[in-house]
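The lines below spell out each chain.
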Amino acid sequence: MLDFTSEEKKVVLFVLGLAFCGLIMSNLVKINSHIEKIINPQVQLAKINLNKINPDELVKIKCVSVKLAQRIIEYRNLHKQFSSLEELKEVKGVGEKRYEKLKEIFFIE
Amino acid sequence: MKRAPVVLAVFYCLGVILGSCIWFNFWVVMGLGIVIFAGAILLRKNRYIFSFLILFLALFAGALNLKNSRILPKDHINNFVYYKDDSLCSLSGFIDSQPELKDNYLQFIFRAQAMQKDKIKLSCCGKVVVKMDFSQKLTYGDNLILIGSLTRPYNFGAASQSYKDFLARQGVYLLMRLNDPRQIIRRPGNSGSKLINNSFWLRAKMESIISRDLTDLPAGILCAMVLGQKHGIPWLVNNSMIKSGTVHILVVSGFNVGIVAWIINLLFKIMRIPRKARITLVILFLLFYCLITGSTNPVVRATVMGAIFLAAYLFKRIPDIYNSLAIAALFILVINPSQIFDIGFQLSFLSVLAIVYFYPKLEVLIHLKGCRNKILRFISQSCLVSFSAWLGTLGIIAFNFRIIAPVTVLANILIVPLATIITLCGFALLLSGLICPALAYLISVPTSMLINLLLNINAVVIKIPFAYIYF
């Protein structure tokens, strides 16, 4: 009835397979919100937790000099931890431009 | 000689390298080249002498082309700017690239047409990199007048990664930084090519389809894998993929070009278009895809190779991968011989060459063809392809990036098949987004999950002891 070539069959099966996977997953997300963690990448994969990073790792990050890393660690030790990324602006050497760059690299948890 | 393009490409490349190492007078070498050329015409009946002279001509052509590309025309903008001269000038011309946000700067290449400095107006040519620290809606081809000071780029990287040399290879010798919107005056009209303008429009449309159903991170990764746009990839993701040696999946390569060719061919096959017309259309679509993805070295290489392969079918000839690789290299190096010193060019060609050369030998060495278990054979083949590419690029990566990543082979075995499926999903998402947005949403869900899996595998792999070593 359906006169598909072998290549067309592969494409139809691939697209239908994807669509059914999508249907199953979007349904599962509605039932159990924890499943969303499996679908959407967590922030930890793309950003670094500013409250957990150690000084050696901090120095390796682009746009963070040795001095700035020291100041960030000092600030974190003094205040126990960062409660928001905005607090980075209080560290000496972090202006508006550098903050915009650091905001892309760090997150707070 | 079955592989004449390979030998010619090797001699041409040697000529380019020699041309960069040795100082010579252009006209003296050109005169010598003319003599050899005349000799080749006169001695064309003697096979050996003719071949020998042609190889010499290829060598000379490489050196002369490099020398010529480094000589700037008299009206080049670089000739009007003195060292440490920060006086203001007004530059009129048009935007010659799609403006991109890089490190909080809106950056684009500006093609200068006229310059005004100290009340003297001069017509000029040449390209300038413009960096703006404010946002403004600008597109490729916009006619502008820029007011600012022109500076030369600094050499702050290592010799092999120098920013100044990187820009010089693209024909850019000057920078202009703008920090006030009043430094830009718009002129009416658009001087860009219509074809490029349309390809950028289509790329923007495709990016919007990808980001419509996916969150920022998966959308950024998919845009890089399918459209070659890396601006949405966070620094940490890029860095961790460099460590695992899998960063090549974040660029458009031969694999993507192959998929595009396959999809277009299939669509035309369904429409029952005759074979010859179909192949011609596929070649045209590949050229358009090359424009959409920004015509980077790997895409140009893959497009030229793909076009040669398809043309071989069109003219009923047997395609040879070494010859098509050599022609692709010649195609890029004739346009811009300095590209031979670009790390991206070297990695792109060496990885393909290493796979083509080492893989069949390794396959014979471990008697892979005798293996009857299909799954085991597939895994072994993947291992060998990754190992071949790693072997071929090891030296260049170690020399330029000071990193050796033994985990690369394992990471590629795990990540490349996943990246293959993600790329296929990406193309399915794009096509369905254009035709049926509801289906696009459904496809986006498993795509996002696969990207999440890829990132998690990469994060685990680089935590293995001695996964990568910086030296």
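**A few points about the overall build of chain A**
Then comes step 1: Each helix and strand in chain A was counted, giving five helices and two strands.
Then comes step 2: Secondary structure elements of chain A, listed N to C terminal, follow the sequence α-α-β-α-α-α-β.
Then comes step 3: Its C-alpha atoms give chain A a radius of gyration of 23 Å, more than 25% over the compact-globule value 13 Å for 109 residues.
Then comes step 4: Dimensions along the principal axes, computed over C-alpha positions, put chain A at roughly 75 × 30 × 25 Å.
Then comes step 5: Every one of the 109 residues in chain A was classed for burial, and the buried ones make up 13%.
Then comes step 6: In chain A, once contacts between residues fewer than 6 apart in sequence are set aside, the share between residues at least 24 apart is 44%.

**Section: the environment of B:Ser97**
Residue and element names in this part refer to chain B.
Then comes step 1: Along the chain, Ser97 falls in the loop between β1 (88–95) and β2 (100–102).
Then comes step 2: With 20 C-beta atoms counted inside 10 Å, the residue Ser97 sits in the buried group.
Then comes step 3: Ser97 sits 44 residues away from Gly141 along the chain, and the two C-alpha atoms are 7.7 Å apart.
Then comes step 4: What Ser97 contacts, discounting residues up to four positions off in sequence, is Phe108, Ile109 and Tyr140.

**Some thoughts on the domain arrangement of chain B**
All names here are of chain B.
Then comes step 1: Domain assignment breaks chain B into domain 1 (4–70), domain 2 (77–192), domain 3 (199–255 + 329–470) and domain 4 (256–328).
Then comes step 2: Each of domain 1 and domain 3 has a C-alpha centre, and these two points are 37 Å apart.
Then comes step 3: Residue-level contacts link nine residues of domain 1 with eight residues of domain 3.
Then comes step 4: Breaking the side of domain 1 that touches domain 3 down by element, the ones donating at least two residues are α1 (4–21) and α3 (47–70).
Then comes step 5: Considering only residue class, the side of domain 1 that touches domain 3 consists of six nonpolar, three polar and no charged.

**Considerations on the domain arrangement of chain A**
Then comes step 1: The domain architecture assigned to chain A consists of domain 1 (6–40) and domain 2 (44–107).
Then comes step 2: A separation of 39 Å is found between the C-alpha centroids of domain 1 of chain A and domain 2 of chain A.

**Concerning the interface of chain B and chain A**
Then comes step 1: With 26 residues of chain B in contact, the opposing surface of chain A contributes 26 residues.
Then comes step 2: Per element, the largest residue contribution to the side of chain B that touches chain A is twelve residues, and it comes from helix α15 (residues 437–461) of chain B.
Then comes step 3: Here the side of chain B that touches chain A is composed, by residue class, of 20 nonpolar, five polar and one charged.

**Observations concerning the nonpolar core**
Residue and element names in this part refer to chain B.
Then comes step 1: The biggest cluster of nonpolar side chains holds 90 residues, and the ones touching the most others in it are Leu222 and Met225.
Then comes step 2: Sorting elements by how many residues they give to this core places α15 first, with ten residues.
Then comes step 3: If you look at the next biggest cluster of nonpolar residues, it comprises 20 residues, including Phe108, Cys124, Leu175 and Met176.

**Points about the environment of A:Asn27**
Residue and element names in this part refer to chain A.
Then comes step 1: Counting through the fold element by element, Asn27 comes out in helix α1 (residues 6–31).
Then comes step 2: Accessibility expressed as a C-beta count within 10 Å gives 11 for Asn27, which makes it exposed.
Then comes step 3: Separated by twelve residues in the primary sequence, Asn27 and Val15 have C-alpha atoms spaced 18 Å apart.

**Considering α1(B)**
All names here are of chain B.
Then comes step 1: Between its first and last C-alpha, α1 extends 26 Å over 18 residues, near the 26 Å set by a 1.5 Å rise per residue.
Then comes step 2: Those residues of α1 that sit buried are Pro5, Leu8, Ala9, Tyr12, Cys13, Gly15, Val16 and Gly19. End-on view of α1: buried residues confined to an arc of 155°, all on one side of the axis.
Then comes step 3: Turning to α1, the residues buried within the fold contact α3 and α11 (321–335).

**Looking at the pairing of strand β7 (residues 172–178) of chain B**
Then comes step 1: As paired elements, strand β5 (residues 127–132) of chain B and β7(B) share six bridges and run parallel to each other. Within the sheet, the bridge partner assigned to B:Val128 lies in β7(B) and is B:Leu174.

**Observations regarding the packing of α1(A) against α15(B)**
Then comes step 1: It is at 7 Å that the axes of α1(A) and α15(B) come closest, and there the two elements cross at 80°. As judged from the angle between their axes, α1(A) and α15(B) are roughly perpendicular. Here A:Leu18, A:Ala19, A:Cys21, A:Gly22, A:Leu23, A:Met25 and A:Ser26 of α1(A) lie close against α15(B), whose contacting residues are B:Leu439, B:Leu442, B:Ile443, B:Val445, B:Pro446 and B:Met449.

The rules behind these values
Residues numbered from 1 in each chain as written. Chains lettered and ligands numbered in written order. Predicted model: local features only at pLDDT ≥ 70, side-chain atom pairs only at ≥ 80, totals over all residues. Helix = DSSP H or I, 4+ residues; strand = E, 2+ residues; numbered from the N terminus. Rg over C-alpha atoms; globule rule 2.2 N^0.38 Å. Buried ≥ 20, exposed ≤ 12 C-beta atoms within 10 Å, placed from the backbone. Contact = placed C-beta atoms within 7 Å. Domains from an automatic or database assignment. Nonpolar A, V, L, I, M, F, W, Y, C, P; charged D, E, K, R; others polar. Core = buried A, V, L, I, M, F, W, Y, C linked by C-beta atoms within 7 Å. Expected span 1.5 Å × (residues − 1). Arc of directions from axis to C-beta. Pairing = 2+ DSSP bridges. Axes fitted to C-alpha atoms, helices over the stretch in contact; angles between N-to-C directions. Parallel < 35°, antiparallel > 145°, perpendicular 65-115°, else oblique.

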